[in-house]
Amino acid sequence: MNGGPESAAAVYSAALREVLRPYRAGGGTQAALASSCYVSRAAMSRYLSGERLAERSFVTRLREALADHGHPLTDAEYERLIELCGDAHRASGSPSVQLAQLREELAELKQAQDLGGERLAEVEERAAGLFRELFQAGEQAQAAEGRESELTDLVARQRDQLRHAQEYT
């Protein structure tokens, strides 16, 4: 992103105001939304003015609060806010703001890793179950082939007996 921290923060706060437009047009108040997001009205005002940078976790709470109030964010809006949040925090000259952003990103990555590990365990368990089913099906197929061979031999013996019986008569 071009520009300094002020422009990144301004773009981020403008995006926050933009996603709130339908909520506010529907009669929603900033105070009610602040309460739903577990921030003070003053903090909400500072986030929307660009005076203060809202944390990544705020964007997640905002998404949930807007959905609860009947004005859900689209996935694209949410992803854009997360991206702009990161841009604004990275552009900030404050090491503490940058550190807070990195901690939130790290926590999110850890959560994704944990979720990925759980999903991998589920997939591995399912693969093991499918392997057992495949092994059992293979054993059943071998047993069926053995039975087919026995039946083929039995049919051949019966044909021989029938041929001998026909020759005898």
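Residues numbered from 1 in each chain as written. Predicted model: local features only at pLDDT ≥ 70, side-chain atom pairs only at ≥ 80, totals over all residues. Heavy atoms only, no water.

Novice: Would you take a moment to explain the overall build of the protein chain for this structure?
Specialist: Counting secondary structure elements, the protein chain contains six helices and zero strands. Of the regular secondary structure in the protein chain, the N- to C-terminal order runs α-α-α-α-α-α. Against the globule reference of 15 Å for 169 residues, the protein chain gives a C-alpha radius of gyration of 34 Å, more extended than a compact globule. Going through the 169 residues of the protein chain one by one, you find that 23% of them count as buried. Sequence separation of 24 or more characterises 60% of the internal contacts of the protein chain that already satisfy a separation of 6 or more. (Helix = DSSP H or I, 4+ residues; strand = E, 2+ residues; numbered from the N terminus. Rg over C-alpha atoms; globule rule 2.2 N^0.38 Å. Buried < 20%, exposed > 50% of the residue type's maximum accessible area, 1.4 Å probe, protein only. Contact = heavy atoms within 4.5 Å.)

Novice: Just to check I follow, could you spell out the packing of aromatic side chains for this structure?
Specialist: Aromatic rings considered in pairs are described by the distance between their centres and by the relative angle of their planes. This model, assessed by the stated rule, comprises one aromatic pair. Directly above the aromatic system of Tyr 78 lies the positively charged group of Arg 63, at a separation of 4.2 Å from the ring centroid. (Phe/Tyr/Trp six-rings, centres within 6.5 Å; stacked < 30°, edge-to-face > 60°. Lys NZ or Arg CZ within 6 Å of the ring centre and 35° of its normal.)

Novice: I tried to follow the nonpolar core on my own but got confused; where do I start?
Specialist: In a soluble, globular protein the nonpolar side chains are often hidden away together inside. Counting 30 residues, the largest nonpolar core has Tyr 12, Leu 16, Leu 33, Phe 58 and Leu 62 as the members making the most contacts within it. At the level of elements, helix H1 (5-25), helix H2 (30-36), helix H3 (41-49), helix H4 (56-68) and helix H5 (75-91) are the ones that each hand at least two residues to this core. If you tally residues by element for this core, the top one is H1, at eight residues. If near-sequence neighbours (up to four positions away) are discounted, Leu 33 is found in contact with Leu 20, Tyr 23, Met 44, Leu 62, Ala 65, Leu 66 and His 69. (Core = buried A, V, L, I, M, F, W, Y, C linked by side-chain atoms within 4.5 Å.)

Novice: I tried to follow the side chain of His 89 on my own but got confused; where do I start?
Specialist: Position of His 89 relative to the elements: it lies in helix H5. With near-sequence residues (within four places) excluded, His 89 lies in contact with Leu 53, Ala 54, Glu 55, Val 97, Gln 98 and Gln 101.

Novice: Sorry if this is basic, but what is going on with the pattern of salt bridges here?
Specialist: Side-chain pairs of opposite charge can arise where the charged atoms are in close proximity. Scanning all chains against the criterion turns up 12 salt bridges. Ionic pairing is found between Arg 52 and Glu 55, a salt bridge with its closest N-O pair at 3.9 Å. The partner of Glu 105 in a salt bridge is Arg 90, with the nearest N and O atoms 3.1 Å apart. Residue Glu 105 is found in helix H6 (residues 95-168), and its partner Arg 90 is found in helix H5; the two are separated by 15 residues along the sequence. Arg 90 gets classed as partly exposed once you look at its relative accessible area, which sits at 48%. One salt-bridge network, in which partners are shared between bridges, spans Arg 56, Asp 87, Arg 90, Glu 105 and Glu 108. (Salt bridge = Lys/Arg side-chain N within 4 Å of Asp/Glu carboxyl O.)

Novice: Help me understand the environment of Leu 106 in this model?
Specialist: Structurally, Leu 106 can be placed in helix H6. A residue is classified by how much of its surface remains accessible, and Leu 106, at 58% relative accessible area, is exposed. Separated by 56 residues in sequence, Leu 106 and Leu 162 place their C-alpha atoms 82 Å apart.

Novice: Any chance you could explain the confidence of the model for the protein chain here in plain terms?
Specialist: Any region with low pLDDT has predicted coordinates that should not be read closely. Chain-level statistics for the protein chain give a pLDDT mean of 90 and a share of 96% at 70 or above. Confidence, read as mean pLDDT per element, is least for H6 in the protein chain (88) and greatest for H3 (96). (pLDDT = per-residue confidence, 0-100.)

Novice: Looking at this structure, I do not really get the environment of Glu 64. What am I missing?
Specialist: Tracing the backbone through its elements, the reader meets Glu 64 in helix H4. Judged by its relative accessible area of 48%, Glu 64 falls in the partly exposed class. When the C-alpha atoms of Glu 64 and Ser 36 are compared, they prove to be 8.7 Å apart, with 28 residues separating the residues in sequence.

Novice: Which parts of the structure should I look at to understand H5?
Specialist: The α-helix advances 3.6 residues per turn, and as a result positions three or four apart in sequence lie on the same side. With 17 residues, H5 extends 24 Å between its outermost C-alpha atoms, agreeing within 8% with the 24 Å of an ideal straight helix rising 1.5 Å per residue. Residues Tyr 78, Leu 81, Ile 82, Leu 84, Cys 85, Gly 86, Ala 88 and His 89 constitute the buried set of H5. (Expected span 1.5 Å × (residues − 1).)

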